[in-house]
Every structure is written in structure tokens, then in C-alpha cells.
Amino acid sequence: MNSTFTEMLEVPAEELSPEKEIFKDLGLDSLDMVDLMIGLQRKFGISLRQNEEIRKIVTLGDVYAFFEKLEAKRRESAASSSGGE
Amino acid sequence: MSGSGRRRVVITGAGVVSSLGATPEELYENLAAGWCGVRRMSEWKETSAPLAAPAVLRENVEKTIPRIFRRSMGRVGLYSALAARAAAEDAELSGEFLAGGECGCVIGSTMGGSGSIAETFRLLLSGRGEEIPATQFFKCVSHTASFNAANLLRICGVVESPSAACASGLQAVGLARDLIAGGVQKAVICGGAEELSPEVNASFDLIYASANAAEGESREEKTTGEPRPFDAARRGLVCGDGAGILVLEELEHALARGARIYGEVIGFATCGCGSGLSQSDASAILRCLELVCRDAGIAPEAIDYVSAHATATVQGDREEAAALRTFFGARVPVSSLKGHLGHTLGASGALELIVSLLMMRRSEILPTLHLEQIAEDCGGLDLPREIRRREIGVFLKNCFAFGGINATLLCSKFKR
């Protein structure tokens, strides 16, 4: 996750802490957020464009939480689909 | 003020991105040494037209532009911004002045971001539309060269982007002249930029306007053709890319801050043919020559050098030569830089204008590269084939574009 911020958006690694607000503290804007999502989509192989939760993201911690939730959901559905076999 | 009541306009800065040099002086030295920027584009796998003269950038130079500005730049935006920053530095304009509203930015291109447009369509057509970055649109738009340069320099004055194919760069300089002469701006960063793409290159090949296009030749054989303006063996142009950006400034403003002056823009004219898509027309060119002399209030006899459009197409060179022959006879030396640089399309007018300013400063005329045997239909002109020492008091820059558009600009040595 952090590598997407440092490589794609060139945010210095030392700036990356969960309490940092993406727009206010990291100097990014809404276009960067779209590109961030595209980068993360590519990295994690998931589609994010229609996900309404993205609009609620304010801090870097929110981004981490968003993906943790997504990952938990993915595992859950994988487990339930494998359990049904 | 000039006799016409217009404010006098001088050139106080220049910056380039080119196949033969990253500064105007470096470019000039390589042109004078007879270098040619044309190469075979081995990275273009599927093209019938593999020859081009691509700009060469210093390693990682793009990293000198903060990401927040760089993210909206395709290659044409990058070339434009780099050359504009260099021109502003050359003119020693302060950041405060650039951002103060008295400075504008007028930069044109033929295509906008042609490579970025092609990339966008490739993604869309392959079902990968979701991967298109949010900033892609800004790399594609037709004013990408202008707004990217303006934003990098924080310019808050007039920002425009004329698009008239190969006349775009020279029209931009003409528009800048008008903005300053009319008192709208004190200075304008202006010129042209272009990025190569195999799609655009192939378009010239399709209509047999490219040096690549000889019937019956294989793709490999087609890589041997150089652009040969005015030559009996010319068969078409080779596309190039880069940017040529100048700083135009109101004379009194330039004098008050002790700016170094390259020359004065004394005349500009642009006109259509009233018809025509791809073919130049000698009578319309002639009219544009008359208009620019009238605008400057000088006779043709006052002109010491012509920097021709001459792209090395069979028809275009013939028509320009006919117009120049009628207007000047064989009295004025004429040369084209397309043999060295290829045809940099929207960048060509401004890029070649910068080189002509250096010719004027050095009192020498650079010859047309690859001109070995003057074509019969380009005869009756003075076409130097080696560097010639000559005092240049006034020179003419020509540009003629698809769509039947002509543009001409006159510059003189600055005299108080």
C-alpha cells in the first residue's frame, strides 16, 4: 500500500503515517485519489470505481482500513465458496 | 510606440527541446556541424513510416518538474514546459512577474497529446478503460502544451493555444506580438511544441508526403530516406518533435529591466488560401509575404535572409520556391532546417525562429542539409549549401500548414 503512495504519487516515505489527511497533509487532490484507486486496483486485482466507501476516505488510516475491510470480505467469500464445495 | 501606434515588441528569451540540442546554443552548434536528428524508430513495431527525428532529453530531466505539474504532462506538455521554463530563465523573468498577471502564455501544437490520445484509445478498445488515469485527459487536450507550461510558471495572464497544424508555433508568436503590441500584456511566453507518434507519422506516409513513402520499397528500404528540401531527389518530409519557446516583451519593459534583446518582431501575417487541404499554394503564400511586409512597413529589399518552411515535399517546396522567386528573385539567401531537424510540425515555426535569431546574432546563414542538386522547380533562388557569413538586419520566417493556412513573421536586429 505504502509503495503505491511513494512510487506513484511520490509522497516521501516518512510522511506516511495513519493520522495524515490525504488532501490536507499529503498535498494530494481528487485526481490523485482516482489515480491511487487505479494503481491499487491494478495491484490487488479488484474493481474499485463503483465502491461508494471510497468517498468517505479522509486519512491514510482510512485507506488502510478500507483495504483491510475489503480483504476481510474477500477472504470471507472465498471461505464460504470453498466451504460449499 | 512604433509608427503604427503599436507598442514595440522584442524577444528577450528562448528555450528549446530538440533532437539536436537541449539549449539554443547547443542546437545551433550541432546544426552548424551538419548533424541530422533523423533515425529509424525501432521502437515503433507496426508502422509503414519508421523514420523520425525525436527530441532527446537529458536523463531524468522530467524529475526536475514537481509531480503535481508533471502528472498532467504527456510528452508534448513536458517538452513545452521544459522549453518555457528555460526561456523564462534565459530572459531572467522573476517568479513574481510571471505570476503577476502581466505575463501571458500562448503555445500551439498540431495535435495536442497525440501519443496520449492513441494510448487512451488502445486502453478503451482493449476493454481496459478502467485503467485510464484521471490525468490522461489533460495530457490529450489540444491546449496541453500551453496550460502545462503556464501552470509550471504560475502564469496568470492570457493563456491561449492556437492550433493550425504546422503554422501553430508561428501563429502563437504572432498572437503574442498582438497581445503585447495592443497593450494587453507586458510579456508573453510563446511558441510551439509537438510530440511524435507513429499514428501521425503514418498519416503523412499515407498521402505520399513522407520521405518513407516510395512505392514498391520494403519497410527496411524506406528507412534510408533523409529529408532533402529543395533537392531534385526530394520525396517527402520526416516528422520530428520538440519545442521552441520564446519570451516576447514590450520594448520599454525590457529596457527598464536591462534585458538582453535577441531581436525585434517587426511584422506578422497569417492568412488562409480559401481552399486546399494538403497542398500549398504559391499565390496564397505570395499574398502572405505581401501582408507581412505591409504589416512591418518595409519593402522586400530590406530582408536579408529567409528561413523557409520547405519540408522536402515535392509539391510544398515547389510552391514556396515559386512564391519566393516572384517576391525576391535570387537576391535573398533562403535555407530550410528541415534537413537537420525533420519537420517538427507545430513546433517548427518557433524552433526555427530561435535558430534564425542566433544566425542574426552571429551574422551567418546555416545551409539546407542534404541539398545536393537543386531541383529545377526550386531554381532561381539563392540556396546556400555551406555556412555563409552575412550581416542579417532583417529576416523572414515562413510556415505553411495543412488546411491552407499560411503564416509569416519578420524580425530585425534591435535598434533604439
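Each remark here, short or long, concerns the structure printed above.
A. Layout of the nonpolar core. All names here are of chain B. By size, the foremost hydrophobic cluster in this structure holds 58 residues, and its most contacted members are Leu 246 and Leu 248. Two domains each donate at least three residues to this core, and these are domain 1 (9-256) and domain 2 (267-412). In this structure, Leu 246 is in contact with Ile 11, Gly 13, Ala 14, Ala 87, Val 173, Val 188, Ile 189, Cys 190, Ala 350, Leu 353, Ile 354 and Leu 357, ignoring residues within four places of it in sequence. In this structure, Val 17, Ala 91, Ala 145 and Ile 245 belong to the second largest nonpolar core, which totals 34 residues.

B. Representation of the sheet that holds strand 4 (residues 103-108) of chain B. Residues and elements named next belong to chain B. Strand order in this open sheet of ten strands is 5-4-6-7-1-8-14-13-9-10, and the pairing throughout is mixed. A strand with exactly one partner marks an edge of an open sheet, and here the two such strands are strand 5 (159-160) and strand 10 (334-335). The pairing of strand 4 with strand 5 spans two bridges and is parallel. By the bridge assignment for strand 5, Cys 105 is matched with Val 159. Across the sheet, helix 8 (residues 168-181) lies against strand 1 (9-17), strand 4, strand 5, strand 6 (187-194), strand 7 (242-250), strand 8 (263-272), strand 13 (394-401) and strand 14 (405-412), angled at about 170° from strand 6, the strand it touches most.

C. Highlighting the pairing of strand 8 of chain B. All names here are of chain B. Summarising burial for strand 8: eight of the ten residues are buried, a large majority. Pairing geometry for strand 1 and strand 8, over three bridges, is antiparallel. When the sheet's bridge partners are listed, Ile 11 is paired in strand 8 with Gly 263. Direction of pairing for strand 8 relative to strand 14: antiparallel, over a ladder of eight bridges. Across the sheet, residue Thr 270 finds its bridge partner in strand 14, namely Ala 407.

D. How the structure looks around the packing of helix 1 (residues 24-32) of chain B against helix 14 (residues 348-362) of chain B. Residues and elements named next belong to chain B. Relative to each other, helix 1 and helix 14 sit at 80°, their axes nearing to 10 Å. Between helix 1 and helix 14, the interaxial angle falls into the category roughly perpendicular. Two secondary-structure elements touch here, helix 1 through Pro 24, Glu 25, Leu 27, Tyr 28, Glu 29 and Leu 31 and helix 14 through Leu 351, Ile 354, Val 355, Leu 358, Met 359, Arg 361 and Arg 362.

What counts and what doesn't
Residues numbered from 1 in each chain as written. Chains lettered and ligands numbered in written order. Predicted model: local features only at pLDDT ≥ 70, side-chain atom pairs only at ≥ 80, totals over all residues. Heavy atoms only, no water. Core = buried A, V, L, I, M, F, W, Y, C linked by side-chain atoms within 4.5 Å. Buried < 20%, exposed > 50% of the residue type's maximum accessible area, 1.4 Å probe, protein only. Domains from an automatic or database assignment. Contact = heavy atoms within 4.5 Å. Pairing = 2+ DSSP bridges. Helix = DSSP H or I, 4+ residues; strand = E, 2+ residues; numbered from the N terminus. Axes fitted to C-alpha atoms, helices over the stretch in contact; angles between N-to-C directions. Parallel < 35°, antiparallel > 145°, perpendicular 65-115°, else oblique.

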